[in-house]
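Breakdown of the fold
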Number of protein chains: 2
Amino acid sequence: MARIAVDAMGGDFAPRAPIAGALHALSALGPDHHIELVGQTAVIEAELDGLLREEFASVAHVRDRLTIVEAPEVVDMTDKPSAALRRKPNSSMVIGIKRVAEGQAHAFVSAGNTGAQMAASLVLLKLHTGLTRPAIGTIFPTARQPILVLDVGANVDCAPEELVQFARIGTVYAQALLDRSNPAVGLLSIGEEPEKGNLAVKEAHQRLLHAGINFLGNVEGRDLPKGVCDRGPIDVVVCDGFTGNILLKFYESIGPMLIGMVSKVAGLDAREVAGSLKELDVDEYGGAPLLGVRGVSIISHGKSSPKAIKNAIHVALRAHESGMTEQIGRRLAESMPATTGSGITT
Amino acid sequence: MARIAVDAMGGDFAPRAPIAGALHALSALGPDHHIELVGQTAVIEAELDGLLREEFASVAHVRDRLTIVEAPEVVDMTDKPSAALRRKPNSSMVIGIKRVAEGQAHAFVSAGNTGAQMAASLVLLKLHTGLTRPAIGTIFPTARQPILVLDVGANVDCAPEELVQFARIGTVYAQALLDRSNPAVGLLSIGEEPEKGNLAVKEAHQRLLHAGINFLGNVEGRDLPKGVCDRGPIDVVVCDGFTGNILLKFYESIGPMLIGMVSKVAGLDAREVAGSLKELDVDEYGGAPLLGVRGVSIISHGKSSPKAIKNAIHVALRAHESGMTEQIGRRLAESMPATTGSGITT
């Protein structure tokens, strides 16, 4: 049994996309699961009524497992994260995350302002002990199996130790959400030799050798689309949020461009071709948990479709049921230096 | 009239690819142009004889415009750059670059060890005044026009001022080799706002506003495949060599992967599809000048085909004829702070 809070006001296609996504999810989930739509009640009710009369008429019974949680304010995409948190305490974003922080919901899903979601999650859910920053992990489709890349934007300048933390967090994620038994972690760099890379990466490489994780060594840009490097298949790729964010946006943009070009040459309909390439569909994963906070906060793309939201709700459910957050906390605690009774850190 | 030195021993497919590439180039170039094949004379002669008897029998007259320059040693792909330079002073790499340094050849082209080529070019050709490091610029095909991305691997940790230098160098390159009249330069970052990015990028952004170049502001990963950002078409993208190298290798790998996947779905031959997408053909540009040194040294991919070498020779010729090197020197000199007679820098 799980109870997922969904930001009904967040994202470019809100409120329709998150509400339709919630209805899709409820139709597919067992009767024990419940969804809370957080936002302006009147707006949500109007949209919900329309959807239940038309597109979702055949599954109107799922309405019983939907609750509306009133939140009069809305965080805009252009709001500054810290200001949004301070000036809009009654926004769907803040109230939704509070539901998780206070134990009323098991997870929160939003396609709204990512910076605001990060800030609110940090303040309300708090970081696990030993972490200085959270990370955003995203799934990259590859020619082989999907891989988790982190960080893709929460941290622009990363210390070596933060890259090591990402490796630990990513290992737990890949076990809990991607079913990888002993996840292989690669460090993104510009050559496979340990001495290749910028200063932070070279130092992180040395620390990762002794971090108790299944460390593959450095991986290169060319290995990501293949999902494999010379030392074997990759499950997790660790990088700073500057490189990761540029790579993610490049990937999201070049896929449609290449599909369009090839389809044109082949005289095919690009949308049909894209539809056949399910493994490249970014909606398949729908959302990425903000990693490192004490609670499940799923970040979805601003352009999320109902299908993407539905899948993000599944990710939320899986993160909750697998106990991913608790496992990350345990893993980080194990890796921290023991403190003696005298207060001296050994 | 130009005289181009080609490293006959460099690259995964040497000596055949560079020699065949030179023959292709001579067949297409006017009678004033001359090529020097630098390497082990006996090896080059044997390969050349074979090619002129068979594939190039119909253009055997171009042999008159080919000279062999003996270089008994060969730099391997695995040689450390500085060691290669010190221990193999009679390698095709070192002797070829010396031909340019001493004014006997107008340009040098190699598909060999990139690190060794950079090191030898730095030592023998020397940097323009005001530069601390050279940069490697590469052409990225886009949905619109090709764009120059630099640096893609010569510098892993870049100071803000180095990013500004890349913008200046890139501007000259785009004018001289890509025929852009007032090249628009974007700074690669994770958001278009000036405050987005890592520390070096944020500082570089401020300096670029006053650098006397056509600065577009920040561009994002998603803008590169499109060749355009919200403020207009992009000609040059500036980034540190760590990010640039990862992005370049990612691009080189994901193109074939996506073409393969789409071709499979469409029931087409991936090689035929790739052949039709001329704008995505990395061989089209063949090589990139090492930017910032006082002479033309063209870096080609280790996997260069004869066609890639032929095109790299064209790039070399164009770089020489356009006076690109001299223009870069002039541009850098203009941008340097004036020094007064008293020795006080203003």
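This is a predicted model, so every value here is computed, not measured.

Calculation rules
- Residues numbered from 1 in each chain as written.
- Chains lettered and ligands numbered in written order.
- Predicted model: local features only at pLDDT ≥ 70, side-chain atom pairs only at ≥ 80, totals over all residues.
- Heavy atoms only, no water.
- Helix = DSSP H or I, 4+ residues; strand = E, 2+ residues; numbered from the N terminus.
- Rg over C-alpha atoms; globule rule 2.2 N^0.38 Å.
- Areas by Shrake-Rupley, 256 points an atom, 1.4 Å probe, with all protein chains shown as cover.
- Lys, Arg positive; Asp, Glu negative; His and termini not counted.
- Charge placed at Lys NZ, Arg CZ, Asp CG, Glu CD.
- Pairing = 2+ DSSP bridges.
- Axes fitted to C-alpha atoms, helices over the stretch in contact; angles between N-to-C directions.
- Contact = heavy atoms within 4.5 Å.
- Buried area = accessible area lost by both parts, 1.4 Å probe.
- Salt bridge = Lys/Arg side-chain N within 4 Å of Asp/Glu carboxyl O.
- Nonpolar A, V, L, I, M, F, W, Y, C, P; charged D, E, K, R; others polar.
- Least-squares fit on C-alpha atoms with pLDDT ≥ 70 in both.
- Buried < 20%, exposed > 50% of the residue type's maximum accessible area, 1.4 Å probe, protein only.
- Parallel < 35°, antiparallel > 145°, perpendicular 65-115°, else oblique.
- Left-handed = near helix turned anticlockwise from the far one by under 90°.
- Expected span 1.5 Å × (residues − 1).
- Arc of directions from axis to C-beta.
- Domains from an automatic or database assignment.
- Polar contact = N/O pair within 3.5 Å; in protein donor to acceptor, adjacent residues only side chain to side chain.

A few words on the overall build of chain A. Counting its regular elements, chain A contains 12 helices and 13 strands. For 346 residues, the compact-globule estimate of 2.2 N^0.38 gives 20 Å, and the C-alpha radius of gyration of chain A, at 21 Å, lies within 12% of that figure. For chain A, the spread of C-alpha atoms along the three principal axes comes to 65 × 60 × 35 Å. As displayed, chain A offers around 13,700 Å² of accessible surface, 52% of which is attributable to carbon and sulfur atoms. One finds the centroid of the 33 positive side-chain charges in chain A at a distance of 2 Å from the centroid of its 39 negative side-chain charges.

Residue and element names in this part refer to chain A. What the 11 strands build is an open sheet, ordered S3-S2-S1-S4-S13-S12-S5-S6-S11-S7-S8; its pairing is mixed. Every other strand in the sheet has two partners, leaving strand S3 (66–70) and strand S8 (215–219) as the edge strands with one partner each. Strand-to-strand twist of the sheet, defined as the mean angle between neighbouring strand axes without regard to direction, takes the value 25 degrees. Pairing of strand S12 (residues 287–291) with strand S13 (residues 296–300), which is carried by 3 bridges, proceeds in the antiparallel orientation. Note on S13: the bridge partner recorded for alanine 288 is isoleucine 299. In this fold helix H5 (residues 114–125) packs onto strand S4 (107–110), strand S5 (135–140), S12 and S13, with an angle of close to 175 degrees to the strand it touches most, S13. Contacting strand S7 (185–188) and S8, helix H7 (residues 199–208) runs over the sheet at an angle of about 160 degrees to S7.

Listed as interface residues are 46 residues of chain B and, on the opposing side, 46 residues of chain A. The largest contributions to the chain B side of the interface with chain A come from Ile190, Phe242 and Phe250 of chain B, which together make up 17% of the buried area. Between glutamate 195 of chain A and lysine 80 of chain B there is a salt bridge; the shortest N-O distance is 3.5 Å. If you list the elements that add at least two residues to the side of chain B that touches chain A, you get helix H7 (199–208), helix H8 (223–226), helix H9 (241–266) and helix H10 (270–276) of chain B. Here the side of chain B that touches chain A takes 19 residues from H9 of chain B, the largest share from any one element. For the side of chain B that touches chain A, the class distribution of residues is 26 nonpolar, 11 polar and 9 charged.

For the rest of this paragraph, the subject is the sheet that holds strand S6 (residues 147–150) of chain B. Residue and element names in this part refer to chain B. Taken together, 11 strands build an open sheet; the order of strands is S3-S2-S1-S4-S13-S12-S5-S6-S11-S7-S8 and the sheet is mixed. Only two strands of the sheet have a single partner each, and these edge strands are strand S3 (66–70) and strand S8 (215–219). Put simply, the sheet's adjacent strands are angled 25 degrees from each other on average, direction ignored. The sheet contact formed by strand S1 (residues 3–7) and strand S2 (residues 34–39) spans 5 bridges and is parallel. Looking at the pairing, alanine 5 lines up with glutamate 36 of S2. Taken strand by strand, helix H1 (residues 16–28) contacts S1, S2 and S3, and its axis lies near 175 degrees from that of S2.

A few words on the relation of the copies chain B and chain A. When chain B is fitted to chain A, the residual RMSD is 0.0 Å, and the transformation amounts to a turn of 180 degrees plus an axial shift of 0.0 Å. Expressed as an axis order, the relation between the two copies is that of a two-fold axis. Residues of chain B ranked by C-alpha distance from the rotation axis are headed by threonine 243 of chain B, positioned 2.9 Å from it. In this assembly, 100% of the residues forming the interface of chain B have copies in chain A that are likewise at the interface, indicating an isologous arrangement.

Looking now at unusual backbone geometry. Residue and element names in this part refer to chain A. Following alanine 14, the chain continues to proline 15 via a peptide bond in cis, the omega torsion being 0 degrees. With respect to the helices, strands and loops of the structure, proline 15 is situated in the loop between strand S1 (3–7) and helix H1 (16–28). Positioned with a positive phi, lysine 126 is a non-glycine residue whose angle comes to about 75 degrees. Of note, lysine 126 is situated in the loop between H5 and S5.

Here the focus is the pattern of salt bridges. Enumeration according to the criterion identifies 32 salt bridges over all chains in this entry. Among the salt bridges present, the one from arginine 168 of chain A reaches glutamate 161 of chain A, with a minimum N-O distance of 4.0 Å. A relative accessible area of 31% means that glutamate 161 of chain A is categorised as partly exposed. With a shortest N-O distance of 2.9 Å, glutamate 203 of chain B and arginine 207 of chain B are connected by a salt bridge. Taken together, the residues glutamate 203 of chain B and arginine 207 of chain B, both in helix H7 and 4 residues apart, mark about one turn of the helix.

Looking now at the packing of H1 of chain B against helix H2 (residues 41–53) of chain B. Between two packed helices, both the angle of their axes relative to each other and the distance between the axes serve to describe the pair. Residue and element names in this part refer to chain B. It is the contact of H1 with H2, at a shortest axis distance of 10 Å, that shows an interaxial angle of 50 degrees. Accordingly, the angle class assigned to the pair H1 and H2 is oblique. Where H1 crosses over H2, the two elements pack in a sense that is right-handed. Across from Arg16, Ile19, Ala20 and Leu23 in H1, the residues of H2 making contact are Ile44, Glu47, Leu48, Leu51 and Leu52. The residue inventory of the contact of H1 with H2, partitioned by class, reads 7 nonpolar, no polar and 2 charged.

Turning to the environment of leucine 178 of chain A, a few remarks are in order. Residue and element names in this part refer to chain A. Along the chain, leucine 178 turns up in helix H6 (residues 160–178). As a C-alpha pair, leucine 178 and leucine 247 span 69 residues in sequence and 21 Å in three-dimensional space. Those residues in contact with leucine 178, other than ones at most four positions away along the chain, are Ile139, Leu148, Tyr173 and Tyr285.

Here the focus is helix H12 (residues 324–335) of chain B. Residues and elements named next belong to chain B. A rise of 1.5 Å per residue sets the reference length of H12, with its 12 residues, at 16 Å; its end C-alpha atoms lie 17 Å apart and thus fit the reference within 8%. When we look at burial in H12, the residues that qualify are Met324, Thr325, Ile328, Gly329 and Leu332. Down the axis of H12, the sector holding all buried residues measures 140 degrees, keeping them to one side. Against helix H6 (160–178), strand S12 (287–291), strand S13 (296–300) and helix H11 (306–321) lie the buried residues of H12.

Here we come to the domain arrangement of chain A. All names here are of chain A. Once the domains are mapped, chain A shows domain 1 (1–131 + 292–337 + 342–346) and domain 2 (135–282). For domain 1 versus domain 2, the separation of C-alpha centres amounts to 25 Å. Each side of the interface is counted separately: domain 1 has 18 residues, and domain 2 has 16 residues. Among the residues of domain 1 in contact with domain 2, Arg318, Met324 and Arg331 are the three that bury the most area, contributing 36% of the side total. Across the domain 1-domain 2 interface, the total number found is 1 salt bridge. For aspartate 179, the salt bridge goes to arginine 318, with nearest N and O atoms at 2.9 Å. Joining domain 1 to domain 2, the criterion identifies 5 residue pairs in polar contact (both at pLDDT 80 or more). Every element with two or more residues in the side of domain 1 that touches domain 2 is listed here: H5, helix H11 (306–321) and helix H12 (324–335). Of the residues forming the side of domain 1 that touches domain 2, the biggest block, 6 residues, is contributed by H12.

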